[in-house]
Amino acid sequence: MSELNKIALKILSNGKGILAADESTGTMTKRLEGVNVLSTSKSRLLFRETLFSSESMKNCIGGVILYDETIKQTANSNKTIPELISSFDAIPGIKVDTGAKVLAGSPEEKITEGLDGLRERLKEYYKLGARFTKWRGVYNISSKYPSKLSIHSNAHALARYATLVQECGMVPIVEPEVLMDGNHSAQDCFNITSEVIKKCFEELILHNVDLTGIILKPNMILAGSNSNKEISSEEVAKLTLKCLKESVPTDVPGIAFLSGGQTEVKATENLNLINKHNDTNFIMTYSYGRALQQSALKFWSKDIKNIKGTQKIFNHRANMCTLAAQGKWSAELETK
Ligand code: 13P
């Protein structure tokens, strides 16, 4: 078993999942202002540190994805943030892309940037304690899009990123996100997601990426959020499994879904059904941002000194997701 495979399995095994706390300063500012909290490096640290010190870090969270600002910060306890995360036996990770920019040649679409100087940045992050990384490609569905150009160029960038990350001794999360925005059907989402993921693996293989040492972070198969064609959670689970079975090479150890704007409970329910029906060898778990943090952030914003209360809410969410990652969640548990 390779070192990278061991890291991937440590992050994902036993129902553990990933806390995606890697919102860029711009996105985090929007989230904080959305709940009337002034966004400063101090307030961003306080909220994140509150989550990273929670009880559920021990049994639920296998890895935390950080943003550049956070990985360099020191917690109240005088531990650096990576030390705080590691003290719970969770693994610190880092978002290394520099964001989605206008795609030259198809300006209504996006290409994720960040390859220039990446090797040097990776070495620095490794020294700071990171053992896995994230890069997100983003695709919009409409009658014209995504174009072949966007599918191809994002897959190419993801593969170049993944090889560099492995060279530096870390596990790359490969995240091709087909957005939920739009009025497409679940079948459209299935078709596009399948094409996008297949292209990513074609490029990953071309770039000699060790597939046993990556984590795939895809979207679930959902109808567009403006479509009025919502499908049941059972159908979400079945289509998502079918898509992944047909598109992901069996060497990949695990798949950690993004929540993508689903409500906390929907993201949990869908993951639970995916695991109930999981007839693959892939570990299927969560790498949620909003679906782990939303309620905790709302509660915290009312009284930022109420650390214990905020942690209680976060612990509940993480516990629910970890049960779902084992197919053991039920709706009744939400209210207990
Ligand atoms: P959401 O779960 O909020 O979609 O965030 C996950 C993520 O890391 C997106 O890149």
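See the structure above.
Residues numbered from 1 in each chain as written. Predicted model: local features only at pLDDT ≥ 70, side-chain atom pairs only at ≥ 80, totals over all residues. Heavy atoms only, no water.

### A short note on the overall build of the protein chain
The secondary structure content of the protein chain amounts to 14 helices and 10 strands. Expected size for 336 residues packed as a compact globule is a radius of gyration near 20 Å; at 19 Å, the protein chain falls within 12% of this value. Dimensions of the protein chain, computed from the C-alpha atoms along their principal axes, are close to 50 × 45 × 40 Å. Here the protein chain holds 336 residues, and the buried ones make up 59% of them. Across the protein chain, contacts joining residues at least 24 apart in sequence account for 78% of those joining residues at least 6 apart. Accessible surface, the protein chain as shown: approximately 14200 Å² in total, 51% of it carbon and sulfur. (Helix = DSSP H or I, 4+ residues; strand = E, 2+ residues; numbered from the N terminus. Rg over C-alpha atoms; globule rule 2.2 N^0.38 Å. Buried < 20%, exposed > 50% of the residue type's maximum accessible area, 1.4 Å probe, protein only. Contact = heavy atoms within 4.5 Å. Areas by Shrake-Rupley, 256 points an atom, 1.4 Å probe, with all protein chains shown as cover.)

### Remarks on helix α9 (residues 186-206)
When the terminal C-alpha atoms of α9 are compared, their 30 Å separation across 21 residues agrees well with the 30 Å that a helix rising 1.5 Å per residue should span. Two residues or fewer past α9, Asn208 is found with a positive phi of approximately 60°. (Expected span 1.5 Å × (residues − 1).)

### A short note on helix α11 (residues 264-276)
Relative to the 18 Å expected for 13 residues at 1.5 Å per residue, α11 spans 19 Å between its end C-alpha atoms, a close match to the ideal helical length. Among the residues making up α11, those that are buried are Glu264, Ala267, Thr268, Asn270, Leu271, Asn272, Leu273, Ile274 and Asn275. Looking at the packing, one finds that the buried side of α11 touches α10 (233-247), β9 (254-257), β10 (283-288), α12 (290-302), α13 (307-324) and α14 (331-335).

### Topic: the packing of α9 against α10
Geometry of a packed helix pair, given as the angle between the helix axes and the separation of the axes. At a minimum axis distance of 9 Å, the contact between α9 and α10 shows a crossing angle of 25°. In terms of axis orientation, α9 runs roughly parallel to α10. The way α9 lies across α10 gives a crossing that is right-handed. On α10, the residues that touch Ala186, Phe190, Thr193, Ser194, Ile197, Lys198 and Phe201 of α9 are Leu239, Lys242, Cys243, Leu244, Glu246 and Ser247. Residue classes in the contact of α9 with α10 are distributed as seven nonpolar, three polar and three charged. (Axes fitted to C-alpha atoms, helices over the stretch in contact; angles between N-to-C directions. Parallel < 35°, antiparallel > 145°, perpendicular 65-115°, else oblique. Left-handed = near helix turned anticlockwise from the far one by under 90°. Nonpolar A, V, L, I, M, F, W, Y, C, P; charged D, E, K, R; others polar.)

### Describing the site of the ligand
Taken together, 13 residues sit near the ligand, with Lys134, Lys217, Ser259, Gly260 and Arg290 positioned nearest. With respect to the ligand, the side chain of Lys217 contributes an N or O atom lying 2.7 Å from an oxygen atom. In this structure, Ser259 approaches the ligand through a side-chain N or O atom, which is 2.4 Å from an oxygen atom. Protein contacts shield 91% of the accessible area of the ligand, which totals 300 Å² for the unbound molecule. If you list the elements that add at least two residues to the shell around the ligand, you get β6 (132-139) and β10. Class assignment for the residues of the shell around the ligand results in three nonpolar, four polar and six charged. (Near = heavy atom within 4 Å. Polar contact = N/O pair within 3.5 Å; in protein donor to acceptor, adjacent residues only side chain to side chain.)

### Notes on the sheet that holds strand β3 (residues 91-95)
To summarise the sheet geometry, strands pair through backbone hydrogen bonds and adopt either a parallel or an antiparallel arrangement. Read around the closed barrel, the eight strands follow the order β1-β2-β3-β6-β7-β8-β9-β10; overall the barrel is parallel. Where strand β8 (residues 215-216) lies against β9, two bridges are found, and the strand directions are parallel. Paired with Leu216 across the two strands is Ile255, which belongs to β9. Its contacts with the sheet put α11 on β9 and β10, and the angle it makes with β10 is roughly 165°. (Pairing = 2+ DSSP bridges.)

### Examining the packing of aromatic side chains
Per the counting criterion, the structure on display carries three aromatic pairs. For the pair Phe47 and Trp300, a centre-to-centre distance of 5.1 Å together with 50° between the ring planes defines the contact as tilted. With Phe47 in helix α3 (residues 41-52) and Trp300 in helix α12, this residue pair connects regions lying 253 residues apart in the sequence. Exposure class is identical for Phe47 and Trp300. Each is buried. Pairing Tyr286 with Tyr288 gives two aromatic rings, centres 5.7 Å apart and planes at 40°, and the pair type is tilted. (Phe/Tyr/Trp six-rings, centres within 6.5 Å; stacked < 30°, edge-to-face > 60°.)

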